[in-house]
Amino acid sequence: MTRLPRHIAIIMDGNGRWARKRLLNRVKGHERGAETVRTVVRTCREVGVSFLTLYAFSTENWERPQAEVAALMTLLKRFLVGETEELLENNIRLNAIGQVDRLPGDVRETLAKVMSVTARNTAMTLNLALSYGGRTEIVEMARKIAQQAKAGAIDPEAVSQDLVARHLYTWDMPDPDLLIRTSGEMRISNFLLWQIAYAEIFITPTLWPDFNRDELLDIFRWYQGRERRFGKVTQPE
Ligand code: FPP
């Protein structure tokens, strides 16, 4: 495929509704959602996407019932352990963004291990947003820059868009070209607030556990037809 998005970000929504429709526990929806994660990672790697960022757990998700939070953490750990081999075989680097130190110790350790063994992989970065919040990310960036300014290491006049971007969790990645949200909600939900300034947005009514390879490929085709102007007008040839 040509003219592919280099970086795709996905808000994986609708696991709970998928389960409710089937009179199942919400956790079953998350389990099926983890299967969709596998399919989407494979498809992105296959077509040649360089960065895939998945909103796996938000700072707000800590407020969910304790049993659901625990189940999500267990699923995450299982995913990390279960996928390590495939990540290595496919030259995929695992990265995490968010307040990772808030995760339970065993999940944090597993995450650090998988990040470390895949650190030199170059074909694709699978970037998991974990305990992630866009406003928190911006606050942390502001704090880091303010501290450097206070220490005299940078001049406030030198604060630029580039400097800001280099102090976000995504400092080593291009901005997302395409943002996908499943399950129909027209919201950003505190995801990558700075980075999505010029992203094309695709919202599908499909619930995350039902999202599949064919639909993702259709969205890539839709993206290929978009004219990205970044606020400018198109020059006649
Ligand atoms: C939103 O559905 C989804 C989440 C809060 C968690 C996403 C987690 C996974 C897809 C599985 C684990 C992740 C990995 C990386 C293996 P929701 O519960 O908000 O659905 P609802 O809006 O229908 O209630």
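Just above sits the structure.
What you see is a predicted model, and the numbers here were worked out from it, not measured in a lab.

Caption draft 1: Region of the structure containing the environment of Leu193. In this fold, Leu193 is placed in the loop between β5 (178-181) and β6 (200-203). Sequence spacing of Leu193 and Glu31 is 162 residues, and the spatial spacing of their C-alpha atoms is 28 Å. Residue contacts for Leu193: discarding those within four places in its chain leaves Tyr132, Gly134, Arg135, Ile138 and Ile188.

Caption draft 2: Spotlight on the packing of helix α3 (residues 66-89) against helix α4 (residues 105-118). For the pair α3 and α4, the least separation of the axes is 10 Å and the interaxial angle reads 15 degrees. One way to sum up the angle between α3 and α4 is to call them roughly parallel. For the element pair α3 and α4, the recorded crossing hand is left-handed. Along the contact surface, α3 presents Met73, Leu76, Lys77, Leu80, Val81, Thr84, Leu87 and Leu88, while α4 presents Asp106, Val107, Thr110, Leu111, Val114, Val117 and Thr118.

Caption draft 3: Structural view of the site of the ligand. Not every one of the 16 residues close to the ligand is listed here, only the nearest: Asp13, Gly16, Arg17, Arg26 and Arg64. The side chain of Arg64 places a nitrogen or oxygen atom 2.8 Å from an oxygen atom of the ligand. Contact with the protein chains removes 92% of the 630 Å² of surface that the ligand exposes when unbound. Counting residues per element, the shell around the ligand draws most heavily on helix α2 (residues 26-47), which supplies four residues. For the shell around the ligand, the residue count by class is six nonpolar, six polar and four charged.

Caption draft 4: Spatial organisation of the packing of aromatic side chains. For the structure on display, the rule yields eight aromatic pairs. Judged by centre distance (4.2 Å) and plane angle (10 degrees), the rings of Tyr55 and Phe191 are stacked. One end of the pair, Tyr55, is in strand β2 (residues 51-58); the other, Phe191, is in the loop between β5 and β6, with 136 residues separating them in the sequence. We classify Tyr55 as buried; its relative accessible area is 8%. Relative accessible area serves as the criterion here: at 1%, Phe191 is assigned to the buried category. Taken together, a centroid distance of 5.4 Å and an interplanar angle of 15 degrees make the contact between Trp208 and Phe211 stacked. A residue is classified by how much of its surface remains accessible, and Trp208, at 1% relative accessible area, is buried. An aromatic cluster is defined as three or more aromatic residues linked by ring pairs; in this entry it consists of Tyr55, Tyr132, Tyr169 and Phe191.

Caption draft 5: The arrangement of the side chain of Thr84 in detail. Topologically, Thr84 is positioned in helix α3. A relative accessible area of 17% places Thr84 in the buried class. One polar contact links the side chain of Thr84 to the main-chain carbonyl oxygen of Leu80, over a distance of 2.6 Å. If we ignore the near neighbours within four places in the chain, the residues touching Thr84 are Val114 and Val117.

Caption draft 6: Spatial organisation of unusual backbone geometry. Of note in this structure, Leu23 is not a glycine but carries a positive phi near 55 degrees. If you trace the backbone, Leu23 turns up in the loop between α1 (15-21) and α2. Although it is not a glycine, Phe230 sits at a positive phi angle of roughly 50 degrees.

Rules used in this analysis
Residues numbered from 1 in each chain as written. Predicted model: local features only at pLDDT ≥ 70, side-chain atom pairs only at ≥ 80, totals over all residues. Heavy atoms only, no water. Helix = DSSP H or I, 4+ residues; strand = E, 2+ residues; numbered from the N terminus. Contact = heavy atoms within 4.5 Å. Axes fitted to C-alpha atoms, helices over the stretch in contact; angles between N-to-C directions. Parallel < 35°, antiparallel > 145°, perpendicular 65-115°, else oblique. Left-handed = near helix turned anticlockwise from the far one by under 90°. Near = heavy atom within 4 Å. Polar contact = N/O pair within 3.5 Å; in protein donor to acceptor, adjacent residues only side chain to side chain. Areas by Shrake-Rupley, 256 points an atom, 1.4 Å probe, with all protein chains shown as cover. Nonpolar A, V, L, I, M, F, W, Y, C, P; charged D, E, K, R; others polar. Phe/Tyr/Trp six-rings, centres within 6.5 Å; stacked < 30°, edge-to-face > 60°. Buried < 20%, exposed > 50% of the residue type's maximum accessible area, 1.4 Å probe, protein only.

Function cannot be inferred from these measures alone, as they are strictly geometric.
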